[in-house]
Amino acid sequence: MKERTIGVEGPPMSMARSQMPLMLRMGSSVVMGGMSALAGNFTMLLSSVLFPFLSSKYTDEQKQKYEHLRNVKYREYLEMKRREIIAAQNDERDFLNKKYPSLMTMMEKVSKKENLWERRTTDSDFLHLRIGQGEQAMSTVIGYPQKSFELEPDELEEEMYRLTAKKYMLSDVPVILP
């Protein structure tokens, strides 16, 4: 079986981390509004305070929508990768069981008068002997981004590392003596 690699990408960048206080976001507008109030221009005061406030509110709502979508979509992506890993486990298990058949399978071949010894010295499994069934590590490589320093932990990134760092095992596979 050819070596297989399953790549898992990191989550999209979070926008929830850049939270500047409202007063700092509106600081210059409030100063301009105060100047306008002193000059008696209350329309300018209202617009210099109201529009930045509304804009800030809209931006916060957009960030919340983005974070919700980011969480939903990335968790769907991780679930798809989880299913891909399970499929790779099943493929490897099937391949190994076909390459190194059980005693019962060999007995069936004898009763059907099928060829039993088809191994050549150039075959990768030449003179390998199946001695039973057991468990072994999956040979599929799971690629993922290297962990880097962050000030605030990202829950989605942690989920990705839990999925990719896990040691995946194949059960009920042939145990071979080379």
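The following paragraphs examine the structure supplied in this document. (Residues numbered from 1 in each chain as written. Predicted model: local features only at pLDDT ≥ 70, side-chain atom pairs only at ≥ 80, totals over all residues. Heavy atoms only, no water.)

**Quick word on the overall build of the protein**
Consideration 1: When helices and strands are counted, the protein shows 4 helices and 4 strands.
Consideration 2: Counted from the first residue to the last, the protein has its helices and strands arranged as β-α-α-α-β-β-α-β.
Consideration 3: The 178 residues of the protein split such that 23% are buried.
Consideration 4: Of the contacts formed within the protein by residues at least 6 apart in sequence, a portion of 84% connects residues at least 24 apart.
Consideration 5: Element-wise, carbon and sulfur atoms account for 60% of the exposed surface of the protein, whose accessible area totals about 13,000 Å². (Helix = DSSP H or I, 4+ residues; strand = E, 2+ residues; numbered from the N terminus. Buried < 20%, exposed > 50% of the residue type's maximum accessible area, 1.4 Å probe, protein only. Contact = heavy atoms within 4.5 Å. Areas by Shrake-Rupley, 256 points an atom, 1.4 Å probe, with all protein chains shown as cover.)

**Considering the packing of aromatic side chains**
Consideration 1: Applying the stated rule across the entire model yields 2 aromatic pairs.
Consideration 2: Ring geometry for Y74 and Y77: centres 5.5 Å apart, planes at 35 degrees, overall tilted. Of this pair, Y74 and Y77 are both found in helix 2 (residues 42-99), 3 residues apart, which corresponds to roughly one turn of the helix. By the burial criterion, Y74 is buried, and Y77 matches it. (Phe/Tyr/Trp six-rings, centres within 6.5 Å; stacked < 30°, edge-to-face > 60°.)

**As for empty space enclosed by the protein**
Empty space among the atoms becomes visible once a probe the size of a water molecule is rolled across them.
Consideration 1: Following the criterion strictly, the structure yields 1 cavity of 30 Å³ or more and no others.
Consideration 2: In this structure, the largest cavity spans a volume of roughly 40 Å³.
Consideration 3: Around the largest cavity sit M1, K2, E3, R4, A88, D91, E92, S139 and T140, which together line it.
Consideration 4: Class assignment for the residues of the lining of the largest cavity results in 2 nonpolar, 2 polar and 5 charged. (1 Å grid on protein atoms, 1.4 Å probe; cavity = no way out; pocket = protein on both sides within 12 Å on 5 of 7 lines; lining within 4 Å. Points joined across faces, edges and corners; volume = space filled by probe spheres on them. Nonpolar A, V, L, I, M, F, W, Y, C, P; charged D, E, K, R; others polar.)

**With respect to the pattern of salt bridges**
Consideration 1: The tally for this structure, following the rule as stated, stands at 10 salt bridges.
Consideration 2: Note that E159 is salt-bridged to R75, the shortest N-O span being 2.7 Å. Of this pair, E159 sits in helix 4 (residues 155-165) while R75 sits in helix 2; the two residues are 84 residues apart in sequence, bridging distant segments of the chain.
Consideration 3: Look at E159 and you get buried, because its relative accessible area is 17%.
Consideration 4: For the salt bridge of E79 with R82, the shortest nitrogen-to-oxygen distance reads 2.8 Å. With E79 and R82 both in helix 2 and 3 residues apart, the pair spans about one turn of that helix.
Consideration 5: By relative accessible area, which is 33% here, E79 ends up partly exposed.
Consideration 6: Given a relative accessible area of 32%, R82 falls into the partly exposed group. (Salt bridge = Lys/Arg side-chain N within 4 Å of Asp/Glu carboxyl O.)

Everything listed here is a matter of geometry and, on its own, says nothing about what the molecule does.
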